[in-house]
Amino acid sequence: MIKKAFGVALFLVSGLFFAFTVNPNLALEEEPLKFYLPDDLKIELWAESSMLYNPTNMDTDIKGRIWVTEGVNYRNFNNDSSAFYHHEKGDRIVILTDTDQDGKADKSQVFVQDKDLVAPLGIAVFGKDIIVSCAPYLIKYTDENGDDIPDSKEIILKGFGGFNHDHSLHSVVAGPDGKWHFSVGNAGPHVVTDKSGFTLRSGSIYTGGSPYNEKNQGNMVSDDGKTWVGGLQMRINPDMRGLKVRAHNFRNSYETYIDGHGEMWQNDNDDQVVTCRVSWLAEGGDAGFFSKDGRRYWNADQRPGQNMFTAHWHQEDPAVMPAGDNSGAGSPTGMLRIEGNSLGQKYQGMVLSADAGRNVLFGYMPKIKNSFYDLKNKKQVFVSSSFTDDPAYQWNNSNFQNDLSKWFRPSDLMIGTDGALYIADWYDAVVGGHRIQDQKAYGRIYRISPKNSKLNTPILDLSTAKGQIECFKNPAIHVKYQAYLKLKQNPEANLEAVLKLLQDTNPFIKSRAIWLLATMGAKGESKTIELLKTGNEQEKVVALRALRQNMNEEKLFKFLQNLTKDPSAFVRREAILALQPFSYEKSKSTFKQFADTSPINDSFYTNALAFVFAGKENDFFKENSLWFNKHFDLAFAMYPSSALNYFEKIALISNELFEKRKRAITAIGFIKSKEAVGSMLKLAESKDKRLADMAKYWLSFRSTNDWFDLHNWNSISDEIQLQKVLSRLLGRKEIVLNGNIAFGDRRNAAIEMLKSTQGSQMLLEMIQNQTLSEDLMEYVGPLLSNHSESTIKYQAKNLINTFENSYNSELVTKTKGNIENGKKVFESNCSSCHKIGNSGKEIGPELTKIGSKLEKKGLYEALVYPSASLVFGYETYSIDTKNGNTYFGFLIAENDKLLTVKDLSGKIITIQQKEIKSKAKQKKSVMPTAYSLAINETELTDLIEYLTKQNQ
């Protein structure tokens, strides 16, 4: 049954009028969703299950058909395949067609089902070649005869981490440069060798999310001599040669869109702290999620006074790219820039960022500012299934189960050959946490088009020159790419037709024509050079990018010298990046001229300079030390060791702006030398307390990582005392474990161990390993469960108490509790780890706003079943050392020499890797259950009532 009418209501978001639309085209088994979008556009259901299931990515072919990768087997290790829809033969790629052109798909066919396809995250349709991203592989299926059945399969790249993990290999996007661009998340390590023999190596401290992602490491060096970290944005030639990192150190940049100008647009997931971002991406960018070597999480590096967003993306570290717009909490997915005007002229150029967590498509109209595109605070809600947007969205909110507006999970976006916007909808009550709840693997594709006009699928033909030009102008990005390849094959015959494209009113078509002209011989190059001289700033940048890729280097260098005086910082920044192939001696004078025109407060510009001269910064500073008195921002971005005295002098200038002095100290903190330690020790003796406190912070922080080997951080007497304590505890441990010794003696040895944290931790290790005798267990268990230190007490309650839940959930969640009594219950049982307002300790997650994030049922589950959904960043580890000590806490940093945990008292503990015997992630939450805390049903009801009132 098809409903015939829409329900419409108008409201205002971000200055745009929106209409919500009740979708008329849904099958009976699923309820319709309401949508809010600009009132001159309409949204219609284009396809749904059973035509497709769990769509992860889409692309279109020249016929206007939509190809979909399915992720039915996503996280199958977390789901019962007998209860959840499952593909035993592997995930599928399906082709959907609207054969009668009525705006809805009516035909579905399976292109391939393959055991190697386990939750593939990307598809690119390049004519007969279908490129599928499914870690650890990039796969090419080839359909030679066009019968929609692959004739061959080739693994064209391998070695990507993140098997069956969404922080893995994402979709390939063909750029206007004719190269393939793609991103990969931080579920490494990624060790990938292209067909020229170049090996990329990237990794980080991040593990988890799947049983296949248990080993990873930072500080890996690639064949280009660079240390690439975490998630990456990459480019490669279609022949699988020339693999190059364009930017790195992402968490999980889900998809990067390359527009007709060659600009890169990405979104990145946060670490569950309301700090997702949408960014314009500059070549060479360090995106700043991990430390520079990838061996520490952002929270290990958070400095005093830094807010969450600044710390999360290392925004105050040298040479880290500005993060862009903070879009809040969420699960960002597909990216797109609208290059055509089929939706309406006012939408041309809009950048769209899908956020599956927030049930929304954000829209941005980017503008050039100095040397970059500025997105900060520019977002507007473009499409949403929810009337109100929640920047503090919680992925595991149990309210979503019954609120279908929260089941819209946009996983990908694309523009079809007809110019319509298509949205893939994963459709689930939850997104994130490596979980799914929809047992049917239901999925949808929506189509957005203008209300008052019909968009038709054109008949396209790549076999003629005229048809190739029409395909080149088509809004579907990979139809454009196929036309690019065809036109490039016959430059003499096609030159005039491509030149005419420069008169097109669409700036993206004009830019794509510039890219193509640079490949079309002397005449094409000549016209590109002309545009480099006379075009607007975007056209100049496109021309320069195209010439960088095609022109003789010596000839190019002369143009770069001329561009030092270009009035546009946007153009000059691009020219700086073009200096990369040239030697230090050849380029240093030109480099200096570009530096002399640095805009004020433009990190993109100074970061480009630092990126190009990476490895040359010490020589450049030595030769230009006085010149740097006017170029502090560049010195900070480069932080050369030869500039140590320069930074120290600035830090000590009492009448200098304190922010500059602070940055000077930060630069010293990033120089790895004994001299830098000495400088910081000197600054720590300053009479200026603010300065001294910062220096002391850096000394404390760096003593556990980069400066660990550069100074004697502990006195000998302290080391001897520690060894004495450990030696005695190990002696007591032997007594406790020896069943042949009398119970009284073993009990006394255990009592002595209980007096110290280290000894108590050893006893907990015995319990966990089931080596503590039953008679001692009965004696020691209650003492550990009531230990004065929370780090011991909560571990004991989880290890020892195995009480079954006997609460009446209906009664607890539906009865109104006593708020005042609930507050007392919180203060007695919860405040030792959790903070509300200014009360309590910030060891576990802060609960000040918990009432706006979880309703009573969600709070009940969190209190009664805390191990059901471990909060990101709060997984606990047990660390056993070779000297017999045991530590327990949250892992916050790790490199090849040191491991750092924060225990449940908030204490930071750093352990040398060479001293570690074993490291084990705990399966249970460190948070004790309400029952193990002896909270009765009335107290639980009151506690939940109190928590629901927080921030309401």
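Not measured: the values here are computed from a predicted model.

Calculation rules
Residues numbered from 1 in each chain as written. Predicted model: local features only at pLDDT ≥ 70, side-chain atom pairs only at ≥ 80, totals over all residues. Heavy atoms only, no water. Helix = DSSP H or I, 4+ residues; strand = E, 2+ residues; numbered from the N terminus. Rg over C-alpha atoms; globule rule 2.2 N^0.38 Å. Contact = heavy atoms within 4.5 Å. Areas by Shrake-Rupley, 256 points an atom, 1.4 Å probe, with all protein chains shown as cover. Lys, Arg positive; Asp, Glu negative; His and termini not counted. Charge placed at Lys NZ, Arg CZ, Asp CG, Glu CD. Buried < 20%, exposed > 50% of the residue type's maximum accessible area, 1.4 Å probe, protein only. Salt bridge = Lys/Arg side-chain N within 4 Å of Asp/Glu carboxyl O. Pairing = 2+ DSSP bridges. Axes fitted to C-alpha atoms, helices over the stretch in contact; angles between N-to-C directions. Polar contact = N/O pair within 3.5 Å; in protein donor to acceptor, adjacent residues only side chain to side chain. Phe/Tyr/Trp six-rings, centres within 6.5 Å; stacked < 30°, edge-to-face > 60°. Lys NZ or Arg CZ within 6 Å of the ring centre and 35° of its normal. pLDDT = per-residue confidence, 0-100. Parallel < 35°, antiparallel > 145°, perpendicular 65-115°, else oblique. Nonpolar A, V, L, I, M, F, W, Y, C, P; charged D, E, K, R; others polar. Arc of directions from axis to C-beta. Core = buried A, V, L, I, M, F, W, Y, C linked by side-chain atoms within 4.5 Å. Patch = residues over 30% accessible without salt bridge, like charges linked within 9 Å, V, L, I, M, F, W, Y side chains within 5 Å. 1 Å grid on protein atoms, 1.4 Å probe; cavity = no way out; pocket = protein on both sides within 12 Å on 5 of 7 lines; lining within 4 Å. Points joined across faces, edges and corners; volume = space filled by probe spheres on them.

Visitor: Explain the overall build of the protein chain here, please?
Guide: Of regular secondary structure, the protein chain possesses 27 helices and 40 strands. Taking 30 Å as the expected radius of gyration for a compact globule of 952 residues, we find that the protein chain reaches 30 Å, a close match to that expectation. Projected onto the principal axes, the alpha-carbon positions of the protein chain cover approximately 100 × 80 × 50 Å. Across the protein chain, every contact between residues at least 6 apart in sequence was considered, and the portion connecting residues at least 24 apart equals 62%. Of the accessible surface of the protein chain, which amounts to about 38300 Å², a share of 49% is contributed by carbon and sulfur atoms. With 115 positive and 114 negative side-chain charges, the protein chain shows a separation of 4 Å between the mean positions of the two kinds.

Visitor: What is the right way to read the side chain of threonine 881 from this model?
Guide: With respect to the helices, strands and loops of the structure, threonine 881 is situated in strand S36 (residues 876-881). Given a relative accessible area of 4%, threonine 881 falls into the buried group. In this structure threonine 881 touches Tyr887, Ile911, Glu915, Ile916 and Lys917, once residues within four positions along its chain are discounted.

Visitor: Quick question: what am I supposed to make of the environment of lysine 451 here?
Guide: Among the structural elements, lysine 451 can be located in the loop between strand S33 (444-450) and helix H3 (465-473). With 410 residues separating them in the primary sequence, lysine 451 and leucine 41 have C-alpha atoms 4.9 Å apart.

Visitor: Is there a simple way to think about the pattern of salt bridges in this case?
Guide: Pairing is possible between side chains that carry opposite charge, provided their charged atoms lie close to one another. Overall, the coordinates contain 54 salt bridges when judged by the stated rule. Its salt-bridge partner being aspartate 301, residue arginine 296 comes within 2.6 Å of it at the nearest N-O pair. The pair arginine 296 / aspartate 301 is uniform in exposure class, with both members buried. Of the charged contacts in the structure, one is a salt bridge between arginine 573 and glutamate 574, with a shortest N-O distance of 3.7 Å.

Visitor: Before we go on, may I ask you to explain the sheet that holds strand S4 (residues 41-48) in this structure?
Guide: Whether parallel or antiparallel, the strands of a sheet pair through hydrogen bonds between backbone atoms. With antiparallel pairing, the 4 strands of this open sheet are ordered in space as S4-S33-S32-S31. With one partner strand each, in any of the chains shown, S4 and strand S31 (410-415) form the two edges of the open sheet. Averaged over all pairs of adjacent strands, the angle between strand axes in this sheet comes to 25°, irrespective of strand direction. Bridge count for S4 against S33 is 7 bridges, and the pairing is antiparallel. Paired with glutamate 48 across the strands is arginine 444, a residue of S33.

Visitor: In this structure, what is going on with helix H26 (residues 856-864)? I would like to understand it.
Guide: Side chains that are three or four residues apart share a direction in an α-helix, a result of its 3.6 residues per turn. Within H26 the residues assigned to the buried category are Lys856, Gly858, Leu859, Tyr860, Leu863 and Val864. As for H26, its buried residues are in contact with helix H24 (809-814) and helix H27 (937-948). Where H26 begins, the side chain of glutamate 855 points an oxygen toward the backbone nitrogen of lysine 857, at a separation of 2.9 Å.

Visitor: Just checking my understanding: could you explain the packing of aromatic side chains for this structure?
Guide: Each aromatic ring pair is specified by the distance between its two centres and by the angle formed by the two planes. Counted under the stated rule, the structure contains 45 aromatic pairs. Relative to phenylalanine 382, the ring of tyrosine 347 lies with its centre 5.7 Å away and its plane at 75°, an arrangement referred to as edge-to-face. Of this pair, tyrosine 347 sits in the loop between strand S25 (332-337) and strand S26 (351-355) while phenylalanine 382 sits in strand S30 (residues 380-384), and the two are 35 residues apart along the sequence. You'll find tyrosine 347 and phenylalanine 382 in the same group, each marked buried. Aromatic pair phenylalanine 632 and phenylalanine 647: ring centres 6.3 Å apart, planes at 80°, arrangement edge-to-face. Placement of phenylalanine 632 in helix H14 (residues 632-638) and of phenylalanine 647 in helix H15 (residues 644-652) is noted, with a sequence separation of 15 residues between them. Here phenylalanine 632 falls in the buried class, since its relative accessible area comes to 7%. Judged by its relative accessible area of 0%, phenylalanine 647 is buried. Residue placement shows lysine 379 over the ring face of phenylalanine 362; its charged tip is 5.9 Å from the ring centre. When the ring centre of tyrosine 779 is taken as reference, the NZ or CZ atom of arginine 747 above it lies at 6.0 Å.

Visitor: Got a minute to help me understand the confidence of the model for the protein chain in this structure?
Guide: Note that predicted coordinates carrying low pLDDT should not be read in detail. Considering every residue of the protein chain, the mean pLDDT works out to 89; 92% of them sit at 70 or more. Contacts of residues 1-29 to residues separated by more than four positions or lying in other chains number 77 contacts, the stretch itself having pLDDT below 50.

Visitor: I tried to follow unusual backbone geometry on my own but got confused; where do I start?
Guide: Peptide bonds are trans in most cases, and residues, glycine excluded, mostly fall at negative phi. Residue proline 136 is bonded to the preceding alanine 135 through a cis peptide linkage, with omega at 10°. Residue alanine 319 is not a glycine yet carries a positive backbone phi of 60°. On the accessibility criterion, alanine 319 (23% relative accessible area) is partly exposed. One non-glycine residue, alanine 441, lies in positive phi territory at about 60°.

Visitor: Quick question: what am I supposed to make of the packing of H15 against helix H17 (residues 674-684) here?
Guide: If you want to describe how two helices pack, look at the angle between their axes and the distance between the axes. In contact at an axis separation of 11 Å, H15 and H17 are set at 10° when each is read in the N-to-C sense. Between H15 and H17, the crossing angle belongs to the class labelled roughly parallel. Residues Leu644, Glu648, Ala651 and Leu652 of H15 pack against Glu675, Ala676, Ser679, Lys682 and Leu683 of H17. Partitioned by chemical class, the residues of the contact of H15 with H17 number 5 nonpolar, 1 polar and 3 charged.

Visitor: Is there a simple way to explain the side chain of threonine 142 in this structure?
Guide: Within the secondary structure, threonine 142 is located in strand S11 (residues 137-142). Within the structure, the side chain of threonine 142 is placed 3.0 Å from the side chain of aspartate 129, a separation counted as a polar contact. Apart from the residues lying within four places of it in its own chain, the contact partners of threonine 142 are Lys128, Asp129, Pro150, Asp151 and Ser152.

Visitor: For this particular structure, what's the right way to read the pairing of strand S27 (residues 360-364)?
Guide: Each regular strand displays side chains that alternate between the two surfaces of the sheet. Of all 5 residues in S27, 5 are buried, a share of seventy percent or more. Bridge analysis of S26 against S27 gives 5 bridges, and the strand direction is antiparallel. Each residue of the ladder has a partner; that of aspartate 355, found in S27, is valine 360. Hairpin connection between S26 and S27: a loop of 4 residues separates the two successive antiparallel strands, and asparagine 359 in this loop has a positive phi of roughly 60°.

Visitor: Explain helix H5 (residues 491-500) to me, please; I cannot follow it from the model alone.
Guide: Residues Asn494, Leu495 and Val498 constitute the buried set of H5. The arc that holds the buried residues of H5, viewed along the axis, is 135°, so those residues lie on one side. Of the residues in H5, the exposed ones pointing more than 90 degrees away from the buried face are Glu492, Ala493, Glu496 and Lys500. Of the surrounding secondary structure, the elements contacted by the buried residues of H5 are H3, helix H4 (477-489), helix H6 (507-517) and helix H7 (521-534).

Visitor: Whenever I open this one, the packing of helix H22 (residues 774-785) against helix H23 (residues 790-800) confuses me. Can you help?
Guide: Orientation of H22 relative to H23, taken along the N-to-C sense of each, is 135°, at an axis distance of 7 Å. With respect to each other, H22 and H23 are oriented oblique. In this structure, H22 uses Met777, Gly781, Leu784 and Ser785 to contact H23, whose residues at the interface are Ile792, Lys793, Ala796, Lys797 and Ile800. Split by residue class, the contact of H22 with H23 holds 5 nonpolar, 2 polar and 2 charged.

Visitor: Even after reading the chapter, I still don't get the nonpolar core, so can you show me in this structure?
Guide: Across soluble globular proteins, you tend to see nonpolar side chains buried next to one another. Ranked by size, the top nonpolar core spans 168 residues in total, and within it Leu361, Leu421 and Phe647 carry the most contacts. Discounting chain neighbours no more than four positions away, the residues touching phenylalanine 647 are Phe632, Ala635, Phe636, Tyr639, Pro640, Ala664, Ala667, Ile668 and Ile671.

Visitor: Before we go on, may I ask you to explain a nonpolar patch on the surface in this structure?
Guide: A cluster of nonpolar side chains, Phe743, Tyr779 and Leu783, forms an exposed patch at the surface whose accessible area comes to about 230 Å². The topology assignment puts tyrosine 779 in helix H22.

Visitor: Mind showing me how you'd approach the sheet that holds strand S9 (residues 122-126) here?
Guide: Here 4 strands make up an open sheet; going across it, the order is S9-S10-S11-S12 and the pairing antiparallel. Across the chains shown, the open sheet's two edge strands, defined by having one partner strand only, are S9 and strand S12 (152-158). Strand-to-strand twist in this sheet, taken as the mean axis angle between neighbours without regard to direction, amounts to 20°. Relative to strand S10 (residues 129-134), S9 runs antiparallel, the two sharing 5 bridges. Looking at S10, one finds that valine 125 is bridged to isoleucine 130.

Visitor: Where do I start with empty space enclosed by the protein in this structure?
Guide: Unfilled space is identified by rolling a water-sized probe across the atoms. What the rule picks out here adds up to 8 cavities of 30 Å³ or more. As a volume, the largest cavity reaches approximately 260 Å³. Taken together, 25 residues line the largest cavity, and the ones lying closest to its centre are Tyr257, Leu336, Leu413, Met414 and Ile477. Among the secondary structure elements, those contributing two or more residues to the lining of the largest cavity are strand S5 (55-60), S25, S31 and H4. Residues that form the lining of the largest cavity fall into these classes: 13 nonpolar, 6 polar and 6 charged.

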